[in-house]
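Below are the chains, spelled out letter by letter.
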Number of protein chains: 2
Amino acid sequence: MKRWQDKLRKIDPYIPGEQSDAPNLIKLNANENPYPPSPRVQKVLSEACADQLRFYPDTNGRNLRSALARRFGLKPEQVFLGNGSDDVLALAFQAFFASNQPILFPDITYSFYPVWCDLLRIPFERVALRDDFTLDPRAFDRPNGGVIFPNPNAPTSLSAECSVIEDILQHNQDCIVIIDEAYVDFSTFSCVSLLEKYENLVIVQTMSKSRSLAGLRIGYALCSPELAAVLESVKNSYNSYPMDTIALACGTASVEDEDYFRETCSKIIATREHSAQALQALGFTVLPSQTNFLFAKHKSQRAEAIFNALKSENIFVRYFRIPEIDNYLRITVGTDDEMARLLRTLQHIL
Amino acid sequence: MKRWQDKLRKIDPYIPGEQSDAPNLIKLNANENPYPPSPRVQKVLSEACADQLRFYPDTNGRNLRSALARRFGLKPEQVFLGNGSDDVLALAFQAFFASNQPILFPDITYSFYPVWCDLLRIPFERVALRDDFTLDPRAFDRPNGGVIFPNPNAPTSLSAECSVIEDILQHNQDCIVIIDEAYVDFSTFSCVSLLEKYENLVIVQTMSKSRSLAGLRIGYALCSPELAAVLESVKNSYNSYPMDTIALACGTASVEDEDYFRETCSKIIATREHSAQALQALGFTVLPSQTNFLFAKHKSQRAEAIFNALKSENIFVRYFRIPEIDNYLRITVGTDDEMARLLRTLQHIL
């Protein structure tokens, strides 16, 4: 062993969904949006002047923060921007989970949470979901250094009732509670309205899913001005310019096009609903999704076998080799045509 | 005090150079490039298709890594990409400075180093520069958890001799040595050729200065495949997609236009040299810069007074309220016209 090797960090990283360049591929494994971003984003790109890139970006992202503040009825000082919601969450872990007590999150959830805890040396405990994958608010009634859960949850696709979330908030007022709303735009309600009532609440959202901007890396947190200032100081201790000039401009253009946003979200929800019914007709149990993906298991065929069979037909879905959910598939909702091809292929396989 | 406040992180962030929207401003305070990026970058932007943005970026940045590898005569596995060199450096601190021994860096240097140490809880010791701001290799001869220094150094603008750097490397083979080459393209030599000889060497560069792409946030590390893999695993534990699709494409286009790159760097170096002479004629001592900025003090006027006088004339330069250097100005090299206006204004002020 070389003597400098003991100074290196050893860590198990997060593993993102598989990528492939195969032609004729149907990519239903990364919860990407099947529709292009708002036409206003194309306009920003086509008209962008390269000369502006010689300057550092606006570190305060004023235009995008104002646009988001207007959309949510908040003040710009309540909006914090980051390089994708993963960046926002990683900074929020550093900003808000700085005690020595373990933070709490569901045992079946976004697999990046324990990775950030390991990297940032934050103690954590996993809180068991009920057998039907719903959130038990009583499971969070224990001393902790913070709480985080996605709503809707991933990969289960389930949303908790608003009353369950308020119950968790009411019983966790001594710590910061982060609700990761990556999929909320495909759901029936957001917790943004709870910000008025709970000053220890932080909501994180992303433009990667509902706004078709995964390729630009735009995420944000909504919270009290006080908590946003803490996030800002941690950000400025890590990377003062996490968002680039083009991403800021495209994100702003997207937020300002509410009509297009609603239209594409509605299309995905409609496709989701009839795809879920079609999957049930093929013998799948499909959880009642509030997201842009379906979480489903088949009555007789193993998920891994279906996953591999689909892959050999150039249809990529997501399969997790995790005990409690290793008989489920996570299937991103694509266009109607893509879902029709998926369903035909499944019919053939099963 | 609210009970959740003791779980928040308290930290002193890095403070970037002042920004202003004033018209007719000459901005010589952030070491930005006065020339636009390669025309190929404009072409990438103008032809970019927004539809591609609905997909996550290539997490491996294959095209950009290959382009950089070709340019430096390295293998793509020796190139690590990040969201600006600040992101690369922050990840490198986490990846390589994981022992309990203090890391070493010069006492006058990039002010982000101690900020990352505080944020990431890495012990550090500052190593004194000589009175003339040159690097003393013997100062690094002590037990340490790693070494980092910029070459050329900022804000002093000085480059060490190659022999001094090799001396430091030879005496520090039990740790990772990072050389931060943010300004190297305005200098006479890079340490990239030393990578063959020192497997514990990591070189970090940026496209923000010499390639006029500060607005896109592109940085990279060059090192052994083994160390690049460690950086990659830490990156994938923090944010799997730090670079967006547009930045990757524009960065690749820039690297492939070597002629334009050399031409603009040469212009800046020529402007630097005659501006330095003109400043000396006005009574300034100017350090022999190997960067795109000049570090200068006046024989009779205080730096802070000159800084404020220039500001009131809409010329922004950088002034540091740091004891050893609080009588110096850091002046970014602009176009010949901008430098002529700076010099006229200085003549008027002094």
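Residues numbered from 1 in each chain as written. Chains lettered and ligands numbered in written order. Predicted model: local features only at pLDDT ≥ 70, side-chain atom pairs only at ≥ 80, totals over all residues. Heavy atoms only, no water.

(A) Representation of the overall build of chain A within the structure. Broken down by element type, chain A carries 10 helices and 13 strands. A globule of 350 residues ought to have a C-alpha radius of gyration of about 20 Å, and chain A, at 21 Å, matches this closely. Residue burial in chain A is summarised as follows: out of 350 residues, 65% are buried. A total accessible area of about 13100 Å² is found for chain A, and carbon and sulfur atoms account for 48% of it. Taken as two groups, the 36 positive and 43 negative side-chain charges of chain A have centres that lie 5 Å from each other. (Helix = DSSP H or I, 4+ residues; strand = E, 2+ residues; numbered from the N terminus. Rg over C-alpha atoms; globule rule 2.2 N^0.38 Å. Buried < 20%, exposed > 50% of the residue type's maximum accessible area, 1.4 Å probe, protein only. Areas by Shrake-Rupley, 256 points an atom, 1.4 Å probe, with all protein chains shown as cover. Lys, Arg positive; Asp, Glu negative; His and termini not counted. Charge placed at Lys NZ, Arg CZ, Asp CG, Glu CD.)

(B) Quick look at unusual backbone geometry. The linkage connecting Asn151(B) with the following residue, Pro152(B), adopts the cis geometry, with an omega of -5°. Summarising the element assignment, Pro152(B) is placed in the loop between strand E5 (146-150) and helix H5 (162-170). The omega torsion across Ala154(B) and Pro155(B) is 5°, close enough to zero to call that bond cis. Within the fold, Pro155(B) resides in the loop between E5 and H5. Notably, Arg121(A) is not glycine yet its phi reads approximately 55°, a positive angle. Position of Arg121(A) relative to the elements: it lies in the loop between helix H4 (112-120) and strand E4 (124-127). Backbone geometry places Phe133(A), a non-glycine residue, at a positive phi of 70°. Tracing the backbone through its elements, the reader meets Phe133(A) in the loop between E4 and strand E5 (146-150).

(C) View of the packing of aromatic side chains. Residue and element names in this part refer to chain A. For the structure on display, the rule yields 37 aromatic pairs over all chains. Here the aromatic residues Phe-93, Phe-97, Phe-105, Tyr-110, Phe-112, Tyr-113, Trp-116 and Phe-124 are joined through ring pairs into a cluster of three or more. For the cation-ring pair, Arg-71 lies above Phe-72, with the distance from its terminal atom to the ring centre recorded as 5.1 Å. Here the basic side chain of Lys-267 rests over the ring of Tyr-35, its NZ or CZ set 4.2 Å away from the ring centre. (Phe/Tyr/Trp six-rings, centres within 6.5 Å; stacked < 30°, edge-to-face > 60°. Lys NZ or Arg CZ within 6 Å of the ring centre and 35° of its normal.)

(D) Broad picture of helix H7 (residues 245-255) of chain A. Burial analysis of H7(A) places 10 of its 11 residues in the buried class, which makes it a mostly covered element. Buried within H7(A) we find Thr245(A), Ile246(A), Ala247(A), Leu248(A), Cys250(A), Gly251(A), Thr252(A), Ala253(A), Ser254(A) and Val255(A). Tucked into the core, H7(A) has its buried residues touching helix H1 (39-47), helix H2 (62-72), strand E2 (79-82) and helix H8 (258-281) of chain A together with helix H1 (39-47) and helix H7 (245-255) of chain B. Its side-chain oxygen at 3.0 Å from the backbone nitrogen of Ile246(A), Asp244(A) defines the N-terminal cap of H7(A). (Contact = heavy atoms within 4.5 Å. Polar contact = N/O pair within 3.5 Å; in protein donor to acceptor, adjacent residues only side chain to side chain.)

(E) Highlighting the pattern of salt bridges. All names here are of chain B. All chains considered together, the criterion is met by 36 salt bridges over all chains. Measuring nitrogen to oxygen at the nearest pair gives 2.7 Å for the salt bridge that ties Glu-125 to Arg-142. One end of the pair, Glu-125, is in strand E4 (residues 124-127); the other, Arg-142, is in the loop between E4 and E5, and 17 residues separate them in sequence. On the basis of relative accessibility, which here comes to 31%, the residue Arg-142 falls in the partly exposed class. (Salt bridge = Lys/Arg side-chain N within 4 Å of Asp/Glu carboxyl O.)

(F) Region of interest: the side chain of Gln94(B). The residue Gln94(B) is located in helix H3 (residues 85-96) in this model. Judged by relative accessible area, which is 6%, Gln94(B) ranks as buried. When sequence neighbours within four positions are dropped, the list of residues in contact with Gln94(B) reads Arg9(A), Leu119(A), Leu120(A), Tyr238(A), Leu120(B) and Val234(B).

(G) Region of interest: the interface of chain A and chain B. Contact residues are listed per partner, giving 86 residues for chain A and 86 residues for chain B. Across the chain A/chain B interface, buried area totals approximately 7400 Å², and carbon plus sulfur atoms make up 53% of it. Scanning the region where chain A abuts chain B turns up two salt bridges. Close ionic contact of Arg3(A) with Asp174(B) constitutes a salt bridge, the shortest N to O distance being 2.9 Å. The interface formed by chain A and chain B holds 42 residue pairs in polar contact (both at pLDDT 80 or more) in total. At the level of secondary structure, the elements contributing two or more residues to the side of chain A that touches chain B comprise H1, helix H3 (85-96), H4, helix H6 (225-235) and H7 of chain A. Of the residues forming the side of chain A that touches chain B, the biggest block, seven residues, is contributed by H3(A). Classifying every residue of the side of chain A that touches chain B gives 45 nonpolar, 22 polar and 19 charged. (Buried area = accessible area lost by both parts, 1.4 Å probe. Nonpolar A, V, L, I, M, F, W, Y, C, P; charged D, E, K, R; others polar.)

(H) Representation of the sheet that holds strand E10 (residues 293-298) of chain A in the model. All names here are of chain A. The antiparallel open sheet is built from four strands, whose spatial order is E9-E10-E13-E12. The sheet is open, and its two borders are formed by strand E9 (284-286) and strand E12 (318-319), each paired with just one other strand. Each of E9, E10 and strand E13 (329-332) touches H8; the most contacted strand, E9, lies at about 145° to it. (Pairing = 2+ DSSP bridges. Axes fitted to C-alpha atoms, helices over the stretch in contact; angles between N-to-C directions.)

(I) Quick peek at the relation of the copies chain A and chain B. Structural alignment of chain A on chain B gives an RMSD of 0.0 Å, achieved by rotating through 180° and translating 0.0 Å along the axis. Such a combination of turn and shift is consistent with a two-fold rotation axis. Judged by C-alpha distance, Ser46(A) is the residue of chain A that lies nearest the rotation axis, at 2.2 Å. Most of the interface of chain A is mirrored in chain B: 100% of its interface residues are interface residues there too. (Least-squares fit on C-alpha atoms with pLDDT ≥ 70 in both.)

(J) Here's a closer look at the sheet that holds strand E13 (residues 329-332) of chain B. All names here are of chain B. Taking strand neighbours across the sheet as the criterion, the four strands line up as E9-E10-E13-E12 in an open arrangement whose pairing is antiparallel. Edge positions in the sheet fall to strand E9 (284-286) and strand E12 (318-319), since each of these pairs with one other strand and no more. The pairing of strand E10 (residues 293-298) with E13 spans four bridges and is classified as antiparallel. Residue pairing for E13: Phe-295 is matched across the bridge by Arg-330. Strands in contact with helix H8 (residues 258-281) are E9, E10 and E13; relative to E9, the strand with the most contacts, it is inclined by about 145°.

(K) Expanded view of the side chain of Asp167(B). Residues and elements named next belong to chain B. Mapped onto the elements, Asp-167 comes out in helix H5. Looking at Asp-167, the relative accessible area reads 18%, which means it is buried. Within the structure, Asp-167 has its side chain in polar contact with the side chain of Arg-138 (distance 2.7 Å). Discounting residues that sit within four places of it in the chain, Asp-167 has contacts with Pro-137 and Arg-138.

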